[in-house]
Amino acid sequence: MVVAGVATIAVASACGLVIVFFLWRRLPPVTALTLMAVCGMAIGAGGLLVQEDVDPASWAVALVVLGLLTPVHARLVFGPPGRGDIVAEGPVAA
């Protein structure tokens, strides 16, 4: 299972890097954040596959926590996903 875990971590990390560096501003926000959650969960699953004697609670906690924190981390580091060239018009006179 170690090889499968390492491969899962490597593939999920590569996918996450492609998403944040190349697709973060091109994808709709919901899609970008969802894909980052999936990548985070896959990294957590790979980490658990590498370990021996992992109980079901570890799976539940790790997948939920990484599924929630990975999109938050990406949002904080790379800014909001979606098109960045959409700017509101200037202030409207009252």
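Above: the structure in question.
Residues numbered from 1 in each chain as written. Predicted model: local features only at pLDDT ≥ 70, side-chain atom pairs only at ≥ 80, totals over all residues. Heavy atoms only, no water.

K.L.:
How would you sum up the packing of helix H2 (residues 29–50) against helix H3 (residues 56–78)? Please name residues and give values.
P.N.:
Relative to each other, H2 and H3 sit at 140°, their axes nearing to 7 Å. As the angle between them shows, H2 and H3 are arranged oblique. The two elements H2 and H3 cross, and the hand of that crossing is right-handed. Mapping the contact onto sequence places Leu33, Met36, Ala37, Gly40, Met41, Gly44, Ala45, Leu48 and Leu49 in H2 and Ser58, Trp59, Ala62, Leu63, Leu66, Gly67, Thr70, Pro71 and Ala74 in H3. Its residues assigned to classes, the contact of H2 with H3 shows 13 nonpolar, 5 polar and no charged. (Axes fitted to C-alpha atoms, helices over the stretch in contact; angles between N-to-C directions. Helix = DSSP H or I, 4+ residues; strand = E, 2+ residues; numbered from the N terminus. Parallel < 35°, antiparallel > 145°, perpendicular 65-115°, else oblique. Left-handed = near helix turned anticlockwise from the far one by under 90°. Contact = heavy atoms within 4.5 Å. Nonpolar A, V, L, I, M, F, W, Y, C, P; charged D, E, K, R; others polar.)

K.L.:
Explain H2 to me, and be specific about the residues and the numbers.
P.N.:
One turn of the α-helix equals 3.6 residues, which is why residues spaced by three or four share an orientation. Its 22 residues give H2 an end-to-end C-alpha distance of 32 Å, which sits within 8% of 32 Å, the value for a rise of 1.5 Å per residue. Regarding H2, the residues found buried are Ala32, Met36, Ala37, Cys39, Gly40, Gly44, Ala45, Gly46 and Leu48. (Expected span 1.5 Å × (residues − 1). Buried < 20%, exposed > 50% of the residue type's maximum accessible area, 1.4 Å probe, protein only.)

K.L.:
Describe the environment of alanine 74, with residues and values.
P.N.:
Along the chain, alanine 74 turns up in helix H3. According to the relative accessible area criterion, alanine 74 is buried, its value standing at 2%. For the pair formed by alanine 74 and valine 20, sequence separation is 54 residues and the distance between their alpha carbons is 7.3 Å. With sequence-adjacent residues up to four places away left out, alanine 74 is seen in contact with Val20, Trp24, Met36 and Gly79.

K.L.:
How would you sum up the nonpolar core? Please name residues and give values.
P.N.:
In this structure, Ile19, Val20, Trp24, Leu27, Ala32, Met36, Cys39 and Ala74 together form the largest nonpolar core, which totals 8 residues. Mapped by element, the contributors of at least two residues to this core are helix H1 (2–23) and H2. Looking at which element gives the most residues to this core, the answer is H2, with 3 residues. Not counting residues up to four positions away in its chain, the partners in contact with cysteine 39 are Ala12, Cys15, Gly16 and Ile19. (Core = buried A, V, L, I, M, F, W, Y, C linked by side-chain atoms within 4.5 Å.)

K.L.:
An account of H1 is needed here, citing residue identities and associated values.
P.N.:
Helix length check: H1, at 22 residues, gives a terminal C-alpha distance of 30 Å against a target of 32 Å (1.5 Å per residue), a fit within 8%. Looking only at H1, the buried set comprises Gly5, Ala12, Gly16, Ile19 and Val20. Projected down its long axis, H1 carries its buried residues within an arc of 85°, all on one side. Away from its buried face, by an angle of more than 90 degrees, H1 presents the exposed residues Val3, Val11, Phe21 and Phe22. Each element contacted by the buried residues of H1 is listed here: H2 and H3. (Arc of directions from axis to C-beta.)

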